[in-house]
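Inside the fold
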Amino acid sequence: AQSVAQPEDQVKVAEGNPLTVKCTYSVSGNPYLFWYVQYPNRGLQFLLKYITGDNLVKGSYGFEAEFNKSQTSFHLKKPSALVSDSALYFCAVRPYQAGTALIFGKGTTLSVSS
Amino acid sequence: GAVVSQHPSRVICKSGTSVKIECRSLDFQATTMFWYRQFPKQSLMLMATSNEGSKATYEQGVEKDKFLINHASLTLSTLTVTSAHPEDSSFYICSARAEGLDTGELFFGEGSRLTVL
């Protein structure tokens, strides 16, 4: 079965500190991997994706993620957190078949304190 | 980026009534749209895949007679919750993938908060 795991329900960091939100995946074939952010009562905003190429992917708002095939991970990172980064973050995977929907992890709430 | 508009953003209805939620791709065509449901503090559950000009494909456990999906054009899909009950109260989010731009990501609407009294 194809799935995405976000092992942490919540991540807390202080403003200015680096942050990491973890994600591991299980899919057959080469995956497309994504990170989205959701603010309260809003839809999802696309942050970044990995399809192929460099393992380190840079995205919106200073976020980046590192694809690690051997560990089947795609952790989201940011060198210096902002209070405004506080939100719900979803990792997602798209199976290699074209036209298919994304499979989402359960989400991780990021809380950045000032 | 591609914009998906969802309407209404909030709706309150009485038990037994039907509610229609619209999902429009504003600046691109979408042969396929996806409807998700999100429970409080939970992840997104795929309900169905909406295909333009054909019947929607429902995920296991989703009642197709209760959640009617129509995808009449390349820019509009609608979800109708029929004979709504309080347990249907939820946050419904639509998404679409831009045709000819199959780089994988989905573009999401802002969601519709349904409250059934």
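Figured I'd write up the structure that's included with this text. From a predicted model like this one, the values you see are computed outputs, not experimental measurements.

**Some thoughts on the packing of aromatic side chains**
- Taken as a whole and judged by the stated rule, the model has 14 aromatic pairs over all chains.
- When the centroid spacing of 6.1 Å and the interplanar angle of 85° are considered together, the rings of Phe90(A) and Phe104(A) count as edge-to-face. Note that Phe90(A) is positioned in strand β10 (residues 87-94) and Phe104(A) in strand β11 (residues 103-104), a separation of 14 residues in sequence.
- Under the relative-accessibility criterion, Phe90(A) is labelled buried at 0%.
- Of the residues examined, Phe104(A) reaches a relative accessible area of 9% and is grouped as buried.
- With 5.9 Å between their ring centres and 45° between their planes, Tyr36(B) and Phe108(B) make a pair best called tilted. One end of the pair, Tyr36(B), is in strand β4 (residues 32-38); the other, Phe108(B), is in strand β10 (residues 107-108), with 72 residues separating them in the sequence. The two residues Tyr36(B) and Phe108(B) agree in class, both being buried.
- One aromatic cluster is present, formed by Phe34(A), Tyr36(A), Phe46(A), Phe90(A), Phe104(A), Tyr36(B) and Phe108(B) through successive ring pairs.
- Sitting over the face of the ring of Phe63(A), Lys78(A) holds its NZ or CZ atom 5.0 Å from the ring centroid.

**Some points on the nonpolar core**
- Ranked by size, the top nonpolar core spans 27 residues in total, and within it Trp35(A), Leu47(A), Leu48(A), Phe74(A), Leu76(A) and Tyr89(A) carry the most contacts.
- Elements supplying a minimum of two residues to this core: β2 (10-14), β3 (19-21), β5 (32-38), β6 (44-50), β8 (64-68), β9 (73-78), β10 and β12 (108-113) of chain A.

**Quick word on the state of the cysteines**
- Summed over the entire model, instances satisfying the criterion amount to two disulfides over all chains.
- One disulfide in the model links Cys23(A) with Cys91(A); its S-S distance is 2.0 Å. Disulfide Cys23(A) to Cys91(A): torsion about the S-S bond roughly -60°, handedness left-handed. Note that Cys23(A) is positioned in the loop between β3 and β4 (24-26) and Cys91(A) in strand β10, a separation of 68 residues in sequence. The two residues Cys23(A) and Cys91(A) agree in class, both being buried.
- With a sulfur-sulfur separation of 2.0 Å, Cys23(B) is cross-linked through a disulfide to Cys94(B). Given an S-S torsion of about 80°, the disulfide between Cys23(B) and Cys94(B) has right-handed geometry. Of this pair, Cys23(B) sits in strand β3 (residues 19-25) while Cys94(B) sits in strand β9 (residues 90-96), and the two are 71 residues apart along the sequence. For the residue pair Cys23(B) and Cys94(B), the accessibility class agrees, reading buried in each case.

**Structural notes on the pattern of salt bridges**
Residue and element names in this part refer to chain B.
- Tallied over the entire structure, the rule returns seven salt bridges over all chains.
- A salt bridge links glutamate 22 to arginine 24; the nearest nitrogen and oxygen atoms lie 3.5 Å apart.
- Judged by its relative accessible area of 25%, glutamate 22 is partly exposed.
- Exposure remark for arginine 24: the relative accessible area of 34% places this residue in the partly exposed category.

**With respect to the interface of chain A and chain B**
- Across the contact, 22 residues belong to chain A and 21 residues belong to chain B.
- Taking both partners together, chain A and chain B bury about 1600 Å²; carbon and sulfur atoms supply 50% of that area.
- For the pair chain A and chain B, the interface holds one salt bridge.
- A salt bridge links Arg42(A) to Glu110(B); its shortest N-O distance comes to 2.3 Å.
- Where chain A packs against chain B, one counts seven residue pairs in polar contact (both at pLDDT 80 or more).
- Of all elements in the fold, only β5, β6 and β10 of chain A reach the threshold of two or more residues within the side of chain A that touches chain B.
- Considering each element in turn, the side of chain A that touches chain B owes the most residues, four residues, to β5(A).

Cut-off values and rules
- Sequence order as written defines the numbering, with residues in each chain counted from 1.
- Chains and ligands are labelled sequentially in the order written, the chains with letters from A and the ligands with numbers from 1.
- Local features in this predicted model are restricted to residues whose pLDDT is 70 or higher, and side-chain atom pairs enter the listing and the counts only when it is 80 or higher, whereas totals over whole chains, interfaces and linings include all residues.
- Side-chain numbers come from the whole structure's heavy atoms, not from hydrogens or water.
- Only rings of Phe, Tyr and Trp enter the pairing, Trp through its six-membered ring, and a pair is recorded when the two centres are within 6.5 Å. The plane angle decides the type: under 30 degrees is stacked, over 60 is edge-to-face, the rest tilted.
- Put simply, DSSP marks the helices as runs of H or I at least four residues long and the strands as runs of E at least two long, and each gets a number from the N terminus on.
- Exposure classes here rest on a 1.4 Å probe applied to the protein chains alone. A residue is buried below 20% of its type maximum, exposed above 50%, and partly exposed in between.
- Working rule: Lys NZ or Arg CZ, within 6 Å of ring centre, within 35 degrees of ring normal, means a charge sits over the ring.
- We call a set of buried residues a nonpolar core when its members are Ala, Val, Leu, Ile, Met, Phe, Trp, Tyr or Cys and they connect through side-chain atoms within 4.5 Å of each other.
- Sulfur atoms of two cysteines make up a disulfide when they are within 2.5 Å.
- One speaks of a salt bridge when a side-chain nitrogen belonging to Lys or Arg is within 4 Å of a carboxyl oxygen belonging to Asp or Glu.
- For this analysis, residues touch if any pair of their heavy atoms sits within 4.5 Å.
- A 1.4 Å probe defines the accessible area here, and the buried area is the portion of it lost by two parts on being joined, summed over both.
- In protein, a polar contact requires one atom able to donate a hydrogen and another able to accept it; more generally it is a pair of N or O atoms within 3.5 Å, and residues adjacent in sequence count only if both atoms are side-chain atoms.

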